[in-house]
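Residue strings, one per chain:
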Amino acid sequence: MRQRRAEEYAEFASARAGHLYRSACLLTAGDTHLAEDLVQETLGRLYISWGRVSRVGNPAGYAQTVLTRTFLAHQRRRSSTERATDVLPDLPGRAFDGDTSLRLTLLEALGRLPAKDRAVVVLRYWEDRSIEETADVMNTSSAAVRTRCVRALGQLRELLGKDLGEYARP
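Because the structure is a prediction, the values reported are computed rather than measured.

Asks: How should the overall build of the protein be read in this particular structure?
Replies: Scanning the protein from N- to C-terminus turns up eight helices and zero strands. Secondary structure elements of the protein, listed N to C terminal, follow the sequence α-α-α-α-α-α-α-α. In the protein, which comprises 170 residues, the proportion classed as buried is 39%. Intrachain contacts of the protein at a sequence separation of at least 6 include 65% that bridge at least 24 residues. Within the structure as shown, the protein displays about 10,300 Å² of accessible surface, and the carbon and sulfur contribution to it stands at 51%.

Below you can see the structure in the form of structure tokens.
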């Protein structure tokens, strides 16, 4: 029984790790090291409770929830001696098909948003979750998610300029 659960977990973890990592990179505004740490902590928490999680109807959604909550908890306890860096490694990214300048511009803009606003943008527009799902993941109300969406998109418009059409794909 334990062997079967361990195999199920290993299969799930290997299938979802890439997606979790991409989401974590967006949440951390491109901090790949922190993103790796968040994914490892998420997968560790899932392993501990895999018997219960595997019976959930959507373990992938549960994993995303754990990742987001882990990120928000990390932001709350961040040491004052830690400093974010402006330098990002030049890693290929599927999301922008090789358009490095666009990717860096968007990651920089995301990095300027407060952590909770960034989480809302990633969950709503990258993960394509509903307002209610986002509120559930973040342990907040739907109204707070709507407010954060409006605020975050307004800040992104200011950071990226009023003509966002240049960033949109034809």
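On we go.
Asks: How should the packing of helix 4 (residues 59-76) against helix 6 (residues 115-126) be read in this particular structure?
Replies: In a packed pair of helices, the relevant descriptors are the angle between the two axes and the axis-to-axis distance. Packing of helix 4 against helix 6 brings their axes to within 10 Å, and their N-to-C directions diverge by 165°. Looking at the two axes, helix 4 sits roughly antiparallel to helix 6. Seen from above, helix 4 lies across helix 6 with right-handed handedness. When helix 4 is examined against helix 6, the residues Thr68, Phe71, Leu72 and Gln75 are found in contact with a partner set consisting of Ala115, Lys116, Arg118, Ala119 and Leu123.

Asks: What is the right way to look at a negative patch on the surface in this model?
Replies: A surface patch of negative charge is lined by Asp128, Glu132, Glu133 and Asp136. Following the sequence through the fold, Asp128 ends up in the loop between helix 6 and helix 7 (131-138).

Asks: What am I meant to see in helix 6 here?
Replies: Quick reminder: α-helices carry 3.6 residues per turn. Residues three or four places apart thus point the same way. Here helix 6 contains twelve residues, and its C-alpha end-to-end distance of 15 Å stays within 8% of the 16 Å for a straight helix at 1.5 Å per residue. When you tally the buried positions in helix 6, you get nine out of twelve residues, the bulk of the element. Among the residues of helix 6, those classed as buried are Ala115, Asp117, Arg118, Ala119, Val120, Val121, Val122, Leu123 and Arg124. On its buried face, helix 6 is in contact with helix 1 (2-27), helix 4, helix 5 (100-111), helix 7 and helix 8 (142-160).

Asks: Explain the nonpolar core here, please?
Replies: Grouped burial of nonpolar side chains is what soluble globular proteins tend to show. Membership of the largest hydrophobic core comes to 41 residues, with the highest contact counts inside it found for Leu43, Leu46 and Phe71. Elements that contribute at least two residues to this core include exactly helix 1, helix 2 (32-48), helix 3 (50-53), helix 4, helix 5, helix 6, helix 7 and helix 8. For this core, the element with the highest residue contribution is helix 1, accounting for eight residues. When neighbours within four sequence positions are excluded, Phe71 is seen to be in contact with Leu27, Thr28, Leu38, Ala115, Arg118 and Ala119.

Asks: Hey, could you run me through the confidence of the model for the protein in this one?
Replies: Reading predicted coordinates in detail is not appropriate for stretches of low pLDDT. On average, the protein scores 82 in pLDDT, and the residues at 70 or more come to 81%. When the elements of the protein are averaged for pLDDT, helix 5 gives the smallest value, 81, and helix 2 the largest, 92. Scored below 50 in pLDDT, residues 90-96 shows 14 contacts in the model against residues more than four places distant or in partner chains.

Thresholds, definitions, all that
- Residues numbered from 1 in each chain as written.
- Predicted model: local features only at pLDDT ≥ 70, side-chain atom pairs only at ≥ 80, totals over all residues.
- Heavy atoms only, no water.
- Helix = DSSP H or I, 4+ residues; strand = E, 2+ residues; numbered from the N terminus.
- Buried < 20%, exposed > 50% of the residue type's maximum accessible area, 1.4 Å probe, protein only.
- Contact = heavy atoms within 4.5 Å.
- Areas by Shrake-Rupley, 256 points an atom, 1.4 Å probe, with all protein chains shown as cover.
- Axes fitted to C-alpha atoms, helices over the stretch in contact; angles between N-to-C directions.
- Parallel < 35°, antiparallel > 145°, perpendicular 65-115°, else oblique.
- Left-handed = near helix turned anticlockwise from the far one by under 90°.
- Patch = residues over 30% accessible without salt bridge, like charges linked within 9 Å, V, L, I, M, F, W, Y side chains within 5 Å.
- Salt bridge = Lys/Arg side-chain N within 4 Å of Asp/Glu carboxyl O.
- Lys, Arg positive; Asp, Glu negative; His and termini not counted.
- Charge placed at Lys NZ, Arg CZ, Asp CG, Glu CD.
- Expected span 1.5 Å × (residues − 1).
- Core = buried A, V, L, I, M, F, W, Y, C linked by side-chain atoms within 4.5 Å.
- pLDDT = per-residue confidence, 0-100.

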